[in-house]
Amino acid sequence: MNPLIDRIWSTWTNSAQEELLAMIAEFRMDYILDETFNHALDIVEEAILQENYDRAKVIFTEMSPAVFTRLDFELFVELLDEAVYEY
């Protein structure tokens, strides 16, 4: 199938936790040279897998790079909130 269609379909069918993990994988590619942020993503990913969304939100908020797009940031935080309520 077409990768773009797969990505759009997964956005509608994944749980919030699955979507957060997919976004982390995308962030790793987008910010591959930012070692500090990639290390923070490791910690955020671990917190998400442990379903500790508050910890993930704090680390993500504090460690996001200055060049991070507002839209990506807001979407990730919104998905963290959705994961708390298991949407």
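About the cut-offs
Residues numbered from 1 in each chain as written. Predicted model: local features only at pLDDT ≥ 70, side-chain atom pairs only at ≥ 80, totals over all residues. Heavy atoms only, no water. Patch = residues over 30% accessible without salt bridge, like charges linked within 9 Å, V, L, I, M, F, W, Y side chains within 5 Å. Areas by Shrake-Rupley, 256 points an atom, 1.4 Å probe, with all protein chains shown as cover. Salt bridge = Lys/Arg side-chain N within 4 Å of Asp/Glu carboxyl O. Helix = DSSP H or I, 4+ residues; strand = E, 2+ residues; numbered from the N terminus. Expected span 1.5 Å × (residues − 1). Contact = heavy atoms within 4.5 Å. Core = buried A, V, L, I, M, F, W, Y, C linked by side-chain atoms within 4.5 Å. Buried < 20%, exposed > 50% of the residue type's maximum accessible area, 1.4 Å probe, protein only.

Novice: Tell me what's going on with a nonpolar patch on the surface, and back it up with residues and numbers.
Specialist: A surface patch of nonpolar side chains, amounting to about 400 Å² of accessible area, comprises M29, I32 and L33. Considering the arrangement of structural elements, one finds M29 in helix α2 (residues 16-30).

Novice: Give a detailed account of helix α5 (residues 70-84), specifying residues and quantitative values.
Specialist: Taking 1.5 Å per residue, 15 residues should reach 21 Å; α5 reaches 21 Å between its end C-alpha atoms and fits that length. Of the surrounding secondary structure, the elements contacted by the buried residues of α5 are α2, α3 (35-49) and α4 (53-63). Count one or two residues on from α5 and you reach E86, which has phi positive near 55°.

Novice: Explain the nonpolar core to me, and be specific about the residues and the numbers.
Specialist: Residues L20, F27, V44, I48, F60 and F76 are the most contacted members of the largest nonpolar core, which totals 22 residues. Of all the elements in the fold, those that place two or more residues in this core are α2, α3, α4 and α5. Residues contacting I48, with those up to four places away along its chain left out, are Q17, L20, L21, I24, Y53, A56, F76 and L80.

Novice: Give me the lowdown on the side chain of S64, citing residues and values where you can.
Specialist: With respect to the helices and strands, S64 occurs in the loop between α4 and α5. Its relative accessible area of 18% is what places S64 among the buried residues. Apart from residues lying up to four places away in sequence, S64 is in contact with F37 and F73.

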